[in-house]
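Coordinates in review
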Amino acid sequence: AFRPIVFPSQFPPPRFRPYRIPPPMAAVVSDLVDFLNASPTAFHAVDEAKRLLKAAGFEQLSEREEWSGLQPGRKYFFTRNHSAIVAFAIGAKYVAGNGFHIIGAHTDSPCLKLKPVTKITKGGYLEVGVQTYGGGLWYTWFDRDLTIAGRVLVREKKDGVVSYGHKLVRVQEPIMRIPTLAIHLDRTISSEGLKINNQNHLVPVLGTLIKHEMQKLVEGNVPGESSGGENTKHHPLLLQLIAKEANCEVDEICDFELQLCDTQPSVVAGAMKEFIFSGRLDNLCMSFCSLKALVESTSTDHSLDHESGVRMVALFDHEEVGSDSAQGAGSPAMLDALTRITGCFNHSNSKLLEKAIQRSFLVSADMAHALHPNYMVIVVFLDQFMGSQVCSNILIENDLSFQEKHEENHQPKLHGGLVIKHNANQRYATNAVTAFIFREIAERHQLPIQDFVVRNDMACGSTIGPILASGVGIRTVDIGAPQLSMHSIREMCAVDDVNYSYEHLKAYFEEFTELDNKVKVDC
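A few points on the structure. (Residues numbered from 1 in each chain as written. Predicted model: local features only at pLDDT ≥ 70, side-chain atom pairs only at ≥ 80, totals over all residues. Heavy atoms only, no water.)

**Some thoughts on the overall build of the chain**
Note the following rule: Secondary structure elements are taken from DSSP: a helix is a run of H or I of four residues or more, a strand is a run of E of two residues or more, and numbering for both begins at the N terminus. Burial classes follow relative accessibility: with a 1.4 Å probe on protein chains only, a residue under 20% of its type's maximum area counts as buried, one over 50% as exposed, and anything between as partly exposed. Here, residues are in contact when the closest pair of their heavy atoms is within 4.5 Å. In short, Shrake-Rupley with a 1.4 Å probe defines the accessible areas, and a residue's cover is counted only from the protein chains shown.
A count of helices and strands for the chain gives 15 helices and 22 strands. A burial count over the chain gives 50% of its 523 residues as buried. For the chain, contacts bridging at least 24 residues in sequence account for 78% of all contacts bridging at least 6. If you sum the accessible surface of the chain, you get close to 25,100 Å²; carbon and sulfur atoms cover 52% of it.

**Remarks on unusual backbone geometry**
Geometrically, the link from aspartate 282 to asparagine 283 is a cis peptide bond, its omega value of 15° lying close to zero. By the element assignment, asparagine 283 lies in helix 8 (residues 281-297). Notably, asparagine 247 is not glycine yet its phi reads approximately 55°, a positive angle. Here asparagine 247 lies in the loop between helix 7 (236-246) and strand 11 (253-262). Judged by its relative accessible area of 67%, asparagine 247 is exposed.

**Comments concerning the sheet that holds strand 21 (residues 482-484)**
For the record, the criterion: Note on pairing: two strands pair once DSSP finds at least 2 bridges between them.
Strand order in the open sheet formed by 5 strands is 12-13-22-21-16, and the pairing between neighbours is mixed. Of all strands in the sheet, those with a lone pairing partner are strand 12 (267-269) and strand 16 (368-369), marking the two edges. The sheet contact formed by strand 16 and strand 21 spans 2 bridges and is parallel. Within strand 21, the residue paired with alanine 368 across the bridge is proline 482.

**Examining the nonpolar core**
The test is simple: Among buried residues, the Ala, Val, Leu, Ile, Met, Phe, Trp, Tyr and Cys ones that are joined through side-chain atoms within 4.5 Å form a nonpolar core.
Ranked by internal contacts, the top residues of the largest apolar core, which has 61 residues, are Ile276, Val363, Phe438, Ile479 and Val498. Those residues in contact with valine 498, other than ones at most four positions away along the chain, are Val28, Val29, Leu32, Ile276, Cys285, Cys289 and Cys493.

**Points about the packing of helix 13 (residues 432-444) against helix 15 (residues 495-516)**
We count it as follows: Fitted lines through C-alpha atoms serve as axes, helices being fitted only where they are in contact, and the angles separating the N-to-C directions of these axes extend from 0 to 180 degrees. An angle counts as roughly parallel when it lies under 35 degrees, as roughly antiparallel when it exceeds 145, as roughly perpendicular when it falls between 65 and 115, and as oblique in every other case. Handedness of a helix crossing follows the sense of rotation of the near helix relative to the far helix, less than a right angle counterclockwise being left-handed and clockwise being right-handed. Three classes are used, and their members are as follows: Ala, Val, Leu, Ile, Met, Phe, Trp, Tyr, Cys and Pro are nonpolar, Asp, Glu, Lys and Arg are charged, and the others, Gly among them, are polar.
In contact at an axis separation of 10 Å, helix 13 and helix 15 are set at 110° when each is read in the N-to-C sense. In terms of axis orientation, helix 13 runs roughly perpendicular to helix 15. The handedness of the crossing between helix 13 and helix 15 comes out as right-handed. Judged by residue contacts, Ile437, Phe438, Glu440, Ile441, Ala442 and Arg444 of helix 13 engage His504, Leu505, Ala507, Tyr508, Glu511, Phe512, Glu514, Leu515 and Asp516 from helix 15. Taken together, the residues that form the contact of helix 13 with helix 15 break down as 9 nonpolar, 1 polar and 5 charged.

**A look at the sheet that holds strand 3 (residues 75-80)**
Overall, mixed pairing links the 9 strands, which are arranged 2-3-4-14-5-15-20-18-19 in an open sheet. Of all strands in the sheet, those bounded by a partner on one side alone are strand 2 (59-60) and strand 19 (449-453). Note that strand 18 (residues 418-422) and strand 19 share 5 bridges and pair parallel. Pairing of isoleucine 420 across the sheet is with aspartate 451, part of strand 19. Strands strand 15 (361-365), strand 18, strand 19 and strand 20 (475-480) of the sheet are contacted by helix 13, whose axis makes an angle of about 55° with strand 20. Across the sheet, helix 14 (residues 464-472) lies against strand 5 (100-106), strand 14 (310-316), strand 15 and strand 20, angled at about 175° from strand 20, the strand it touches most.

**Concerning the pattern of salt bridges**
To keep it simple, the criterion reads: Within this document, salt bridges are pairs made up of a side-chain nitrogen of Lys or Arg and a carboxyl oxygen of Asp or Glu, the two lying within 4 Å of each other.
Under the definition given, this model contains 21 salt bridges. Between arginine 80 and glutamate 63 there is a salt bridge; the shortest N-O distance is 2.6 Å. Pair noted here: arginine 80 is in strand 3 and glutamate 63 is in the loop between strand 2 and strand 3, with a separation of 17 residues, a long-range link. You can call glutamate 63 partly exposed: its relative accessible area is 24%. Notably, a salt bridge pairs glutamate 510 with lysine 506, separated by 2.9 Å at the nearest N-O pair. With glutamate 510 and lysine 506 both in helix 15 and 4 residues apart, the pair spans about one turn of that helix. Looking at glutamate 510, the relative accessible area reads 38%, which means it is partly exposed. The network of salt bridges with shared partners includes Glu440, Arg444, Glu511, Glu514 and Lys518.

Printed below as a string of structure tokens:
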């Protein structure tokens, strides 16, 4: 046991400057909840982003075609693999060599993805083989009402011509569950904790074999099942569900990328409706706020009249597994966009891309760790007690090393605004200049801002920030809204921070050009 940290009365609790209070329920909050509920996978998130951008007047481009028709004052986007999306608005005063003002985030979250062969029959149960994606808190997936979502590659035949396309699917009702083992059969769980073998225990139950055998009609409607064809990789029941959602026949399914997802919807919750309870807040919350900021900062006919740069949002896939893919931040996707946009306006054939990159700025937006009330050192102020003798008798039974999860001077709070992330070993790409620029925007709009540094005795996570900063050579600040339960199947954040995030990122788009002209470095 240890005594609480005590501050004498001459050192009162810190006072916080007054910040503008967001409205009780800003529209951006309900819009985010709608976005979350429409986006069970990265594919759905990109599809929803496309819908929002098209409604705001953004024109879709293809990376397979020339971009010769780009014009100042216009707005565009393109997708890659339908799991990453890049949107940009070109300032009316843009010329080749001017900078790009970018927000980067990611569309993926830890989940359980279906294996290439999912068919498992064991103990009279029909089970589905899955593999872990990312660093999830897998114990939170037990005893949840689960379903499947993702994309299906479908063979289509029209007028004698065969083509192949992908369709997004989502089974709405709960069809699977990963049951826990009863405590009566696991007597050591109370003393030793839950121990999961990811291969053996993370296997969802789809149904029972006896029920399946009694309903021969289901199996009989699956072409090729009895011939030992491709469909023997999966339970006929599963294929029937997928085909129904894809509006196709089972034998028209060529392949799929599907994952398990929770059927419980995202909601605004808490006794005072101050939280959002949802899966995938990391990082769809930052993805949505970035998109919303870009859309709203370019929403009027004159929004880009005085803009000399390019405002951009880049949402990548595969951040949770290192970003090393054709649609991840480790790919040349963003650099390709910068190169092609600059090239469209470069009529002198001079090398202006390098100049543009040095005038550019990246906000790497990924959710941050809020202070957890159940894992912290209790600080006691003497003014709260009648004397030091009272304080000396207050003991905390928990071990100190177990309690301290945040560095004592860097403890982000819910409702405290966006968090600037720092790491001397470059796990985050923030430096003094980039932090100042982002903080100055907050000060101008009376928006709260926080700082985070990981403890020296703990490993530090990372983001797409260092990947893009080192790969492209662009100035970068790492930031994120604070949240709890990161990588759980159900996470939580504060509604105020959603509104703060949107307002902060919108102000960044609108004011960066003017502010950056006042910052003198490398002169």
